[in-house]
Amino acid sequence: MNEFETVCAGIDDLAPNLLGSGGGADGYEVGAKRQRLIDAGPYFGGGPALSQASLAYGSPNIAQVLGHPRPFPVVRLRGLPFNCSDSDVFEFFAGLDVVDVLLVRKQGRFSGEAFVVFGAPMQVDFALQRNRQNMGRRYIEVFRCKKHDYYQAVAADVAEPKDDGGHISTPPGKISSEKDHLEHTGVLKLRGLPFSASKRDIIDFFREYGLTDENVHIVSHADGRATGEAFVEFASPSESKAAMSKDKMTLGSRYVELFPSSREEATRAASKTR
């Protein structure tokens, strides 16, 4: 089995758990499971090979029993802003059951394209109705694609260096030179949190700093859904600088990015949720 076939087999094996449960009620937990698949696969780190599942996703229904499996519910997006995040795509498809977002990168840089997987095939039709709607100042193209295209994108994503704002990311626990020279005010911005992350989870992540609930501010959309971002206030700028050692470390199943921030930025983010 070659590298691409290993990826396909792994996703197929994981897919019943991803799409059969109704998807993303708590955010991009499916995207997190895709990350766990990548971490566990032999191509991605030396784990045991995953077996090929007999169904594309979900529980058997009458169509599958008759030999007509449902189409894989994925669309492709083009023309996304280059500062686009998972939560921006989630908000673009507000009201639909998004279970995975894969932002496409080429040579370490975001390409402006993405794949979005939904909880049911019929949601693809609703997603296509948002073709040429705006995200910020840009209109977004939404079009059908095949499961094979999504699988190829997942395989390619593993080999791509991850970036932030066009810069190659540093390994977990190692601060990039740009971040190291930013001024610290005692506040850090967290990005890439699991959408189900609580204040207690974040306090445990920084357990050696003695934080309380009052130090943690989780950012939400106006409808209460988490954005995957949070702000944390430390006792001093020196503590927030020391806490940067946790940049790119794992909280739950997601790698969390840390950025020096300010109370003003945290206040602006909080005001958007009201």
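Residues numbered from 1 in each chain as written. Predicted model: local features only at pLDDT ≥ 70, side-chain atom pairs only at ≥ 80, totals over all residues. Heavy atoms only, no water.

**Focus: the overall build of the protein**
Here comes step 1: Regarding its fold elements, the protein presents 11 helices and 13 strands.
Here comes step 2: Looking at the protein alone, contacts between residues at least 24 apart form 71% of all its contacts between residues at least 6 apart.
Here comes step 3: With the model as given, the accessible surface of the protein reaches about 13,800 Å², and the carbon-plus-sulfur share is 50%. (Helix = DSSP H or I, 4+ residues; strand = E, 2+ residues; numbered from the N terminus. Contact = heavy atoms within 4.5 Å. Areas by Shrake-Rupley, 256 points an atom, 1.4 Å probe, with all protein chains shown as cover.)

**Thoughts on the nonpolar core**
Here comes step 1: In terms of nonpolar packing, the biggest core is built from 21 residues, with Val75, Leu77, Leu80, Val89, Phe93, Val116 and Phe118 touching the most fellow members.
Here comes step 2: Only strand E1 (74-78), helix H5 (86-92), strand E2 (98-106), strand E3 (109-118), helix H6 (122-128) and strand E5 (138-144) provide two or more residues apiece to this core.
Here comes step 3: Apart from the residues within four sequence positions on either side, Val116 is in contact with Pro73, Val74, Val75, Leu77, Val89, Phe93, Val98, Asp100 and Val101.
Here comes step 4: Of all hydrophobic cores here, the second largest spans 19 residues; its members include Ala230, Phe234, Met244 and Leu251. (Core = buried A, V, L, I, M, F, W, Y, C linked by side-chain atoms within 4.5 Å. Buried < 20%, exposed > 50% of the residue type's maximum accessible area, 1.4 Å probe, protein only.)

**Overview of the pattern of salt bridges**
Here comes step 1: With the rule as written, the count across this model stands at 11 salt bridges.
Here comes step 2: For Asp125, the salt bridge goes to Arg144, with nearest N and O atoms at 2.8 Å. With Asp125 in helix H6 and Arg144 in strand E5, the pair connects residues that are 19 residues apart, well separated along the chain.
Here comes step 3: Lys246 serves as the salt-bridge partner of Glu208, at 3.5 Å between the closest nitrogen and oxygen. Of this pair, Glu208 sits in the loop between helix H9 (199-205) and strand E9 (216-220) while Lys246 sits in the loop between helix H10 (237-243) and strand E11 (250-251), and the two are 38 residues apart along the sequence.
Here comes step 4: With relative accessibility at 51%, the residue Glu208 sits in the exposed group.
Here comes step 5: One continuous salt-bridge network, built from bridges that share partners, spans Arg191, Asp247, Lys248 and Glu257. (Salt bridge = Lys/Arg side-chain N within 4 Å of Asp/Glu carboxyl O.)

**A short note on the sheet that holds E5**
Here comes step 1: Spatially, E2-E3-E1-E5-E4 is the arrangement adopted by the five strands of the open sheet, whose pairing is antiparallel. If you trace the sheet from one side to the other, it starts and ends with E2 and strand E4 (133-135), each paired once. Sheet twist, expressed as the mean angle between neighbouring strand axes with direction ignored, is 35°.
Here comes step 2: Where E1 lies against E3, five bridges are found, and the strand directions are antiparallel. When the sheet's bridge partners are listed, Val75 is paired in E3 with Val116. (Pairing = 2+ DSSP bridges. Axes fitted to C-alpha atoms, helices over the stretch in contact; angles between N-to-C directions.)

**Re the pairing of strand E10 (residues 226-233)**
Here comes step 1: Buried residues dominate E10, accounting for eight of its eight residues.
Here comes step 2: Alignment of strand E8 (residues 187-191) against E10, held across five bridges, turns out to be antiparallel. For Lys189, the partnering residue across the bridge sits in E10 and is Phe231.
Here comes step 3: Strand direction decides the pairing type here: E9 and E10, joined by four bridges, are antiparallel. Residue Ile218 lies in a different strand from E10, and its bridge partner there is Ala230.

**Regarding unusual backbone geometry**
Here comes step 1: In this model, Arg132 sits at a positive phi of 70°, which is unusual for a non-glycine residue.
Here comes step 2: Along the chain, the position of Arg132 falls in the loop between H6 and E4.
Here comes step 3: Judged by relative accessible area, Arg132 falls into the partly exposed class, the value being 49%.
Here comes step 4: At Lys248, a position not held by glycine, the phi torsion is positive, near 70°.

**Comments concerning the environment of Leu251**
Here comes step 1: Inspection of the secondary structure puts Leu251 in strand E11.
Here comes step 2: Leu251 sits in the buried class, given a relative accessible area of 7%.
Here comes step 3: Separated by 57 residues in sequence, Leu251 and Pro194 place their C-alpha atoms 7.6 Å apart.
Here comes step 4: Excluding anything up to four places from it in sequence, Leu251 contacts Leu193, Pro194, Ala197, Asp201, Ile202, Phe205 and Val256.

**Thoughts on the environment of Val219**
Here comes step 1: Inspection of the secondary structure puts Val219 in strand E9.
Here comes step 2: Looking at Val219, the relative accessible area reads 10%, which means it is buried.
Here comes step 3: Along the chain, Val219 and Phe231 lie 12 residues apart, while their C-alpha atoms are 7.7 Å from each other.

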